[in-house]
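# Topology and contacts: notes
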Amino acid sequence: MTAAVTLSGLSPSPARAEEQVVIATTGGAYDEALRKYWFDPFTASTGIKVVSVAATNAEMRAKATAMVKTGHVTWDLYPDGEIQAISEAHKSTSEDLSVFCKQFVGRPDLVDDACVGAGARLFSTATLMVYNTDALKDEQPVSFADMWDTKRFPGGRSFPNFDDPWRVMASALLADGVTRDKLFPLDIDRALRKLDAIRGDISVWWKSGDQSVQGFRNADYTIGEIWLTRANALKAEGRPIAWSNKAAFLVGDRLTVIKGAPDEANALKLIAFWLNSPEAQARVCEALLCTPPSGKAIALMSPAARAALPSEEDLRDHIVIPDAAWINANADMMLERWNAWIR
C-alpha cells in the first residue's frame, strides 16, 4: 500500500508530463500477467501509462469507499468480485457504466454480460481445493469432505480469511454432507460447527493471493482452498500441485471505475482495450488459467490451456455457482459471525 500513499500526492492530470491510469491489482503473478499481456500493449497502443497498485481485495473495497467518502480519489479502477459488484455498497462507490457499455451490446464474440452498469467482466475463474501431490502420493483428495479428513489426508490446511467468508462456510457445509442444490441459504451455525472440527489443522489463514502461494511454496499446508489463478501460477513454477473441480466455486472479477476517478476517460479506454482485444484476453487467461469474456479469446488459447479449464460436466455437476443475492443480503451478518469465530 506504500505505492498508494505515493500516488495520493500526484498532481491533477493537466500538470502531469504523461497521460496515465491507476489500477489496483492483487499483485504477484496476477499483476505480472496483466502487465505483460494487457497493460503494456495498451500503453504501446495509446501512449497512456498504466500504474498498478498492489492491494488485497478487502483493501481495494475499503480504499475505494474511503476515497469516495473523502472526495480524495487517487485510483481510477480496480477488479471487484462478481458478487460484490452487484451489491448496493458497490453502487455507492463506483461509476455506472451503462452508457459506456452500449458499444458492446449484441457483440457475438462477447458473453452477454461482458459489460454492464456494475462493471466490465475481466474474467471468470474459481476458488477451489488444491493439494500437494508429493505429500499425497498414494491417494488424492477430491471433495471438501476429503479436505476435512485429516487421517486419510494428513497435513496442514489453508483457507482465506477476508471480508467475504461465505466460501469457507460453504466449503464446511459441503464437507458436512449438504448437497450443492441445498447449499443456500447457508446454515451458519452448522458451518461453524464443522469448521470447529478442523480448526486445529488450519496452518494458514491467507489474506492475499501471494500469501496463499507462499504458504504452498513453504510447505505450510498440504491442502488449501485458493484461487485457481494462483494454483495455476504455482503449477507453472513446476510445483507439485493439483486441484479438484469437484470442490470448487465459480467466481469472477468485474472492472470497477471509482466515482470521481481523476483519469476516468483513460480508465474507460483501458477497459475498452481489454474487451476489444481477444489476444490480450487469451494470453492473460493462459497465464492465469481463467475464462475470458470473448469467445474469440478462448479460441486463441492453447489446446492445453483450454483443456485445463473447467469442463461443461464440471459446471453442470460439481462447481458451485454462489447465490450472489443471498450473499450480499447477508454479508454483514456473515462477517460479524465470522469475526467472532475467527478470533
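See the structure printed just above.
Here's what I pulled together on the structure shown here. (Residues numbered from 1 in each chain as written. Predicted model: local features only at pLDDT ≥ 70, side-chain atom pairs only at ≥ 80, totals over all residues. Heavy atoms only, no water.)

## Some remarks on the overall build of the protein chain
This is how the line gets drawn: Under the DSSP-based scheme used, a helix requires at least four consecutive residues in state H or I and a strand at least two consecutive residues in state E, with every element numbered from the N terminus. Here the globule rule is a power law, 2.2 Å times the number of residues to the power 0.38, and the radius of gyration is based on C-alpha atoms. Any two residues having at least one pair of non-hydrogen atoms within 4.5 Å are treated as being in contact. Throughout, the Shrake-Rupley method with a 1.4 Å probe supplies accessible areas, and for residues the shown protein chains are the sole cover considered. Positive charges come from Lys and Arg alone, negative charges from Asp and Glu alone, with His and the N- and C-terminal ends not counted. Charge placement uses NZ in Lys and CZ in Arg. For Asp and Glu, CG and CD serve respectively.
In terms of helices and strands, the protein chain carries 17 helices and 9 strands. The C-alpha atoms of the protein chain give 20 Å as radius of gyration, which agrees with the globular expectation for 343 residues (20 Å, within 12%). With the principal axes as the frame, the protein chain shows a C-alpha extent of 65 × 45 × 40 Å. The contacts in the protein chain between residues at least 6 apart in sequence include a share of 71% that link residues at least 24 apart. In the form shown here, the protein chain has an accessible surface area of approximately 14,700 Å², with 51% of it arising from carbon and sulfur atoms. Of note, the protein chain has its 37 positive side-chain charges centred 1 Å away from the centre of its 44 negative side-chain charges.

## Observations concerning the pattern of salt bridges
To keep it simple, the criterion reads: We define a salt bridge as a contact between a side-chain nitrogen of Lys or Arg and a carboxyl oxygen of Asp or Glu at a distance within 4 Å. Exposure is judged per residue with a 1.4 Å probe applied to protein chains only, and the accessible area is read against the type maximum: over 50% gives exposed, under 20% gives buried, and values in between give partly exposed.
Going through the model one piece at a time under the given rule, you end up with 22 salt bridges. Here Asp-149 makes a salt bridge to Arg-152, at a shortest N to O gap of 3.8 Å. The partly exposed category is assigned to Arg-152, whose relative accessible area is 42%. Measuring nitrogen to oxygen at the nearest pair gives 2.7 Å for the salt bridge that ties Arg-190 to Asp-176. One end of the pair, Arg-190, is in helix H8 (residues 188-196); the other, Asp-176, is in the loop between helix H7 (166-175) and H8, with 14 residues separating them in the sequence. On the basis of relative accessibility, which here comes to 30%, the residue Asp-176 falls in the partly exposed class. Residues joined by salt bridges that share partners form a network here, namely Glu-82, Asp-113, Arg-121 and Arg-254.

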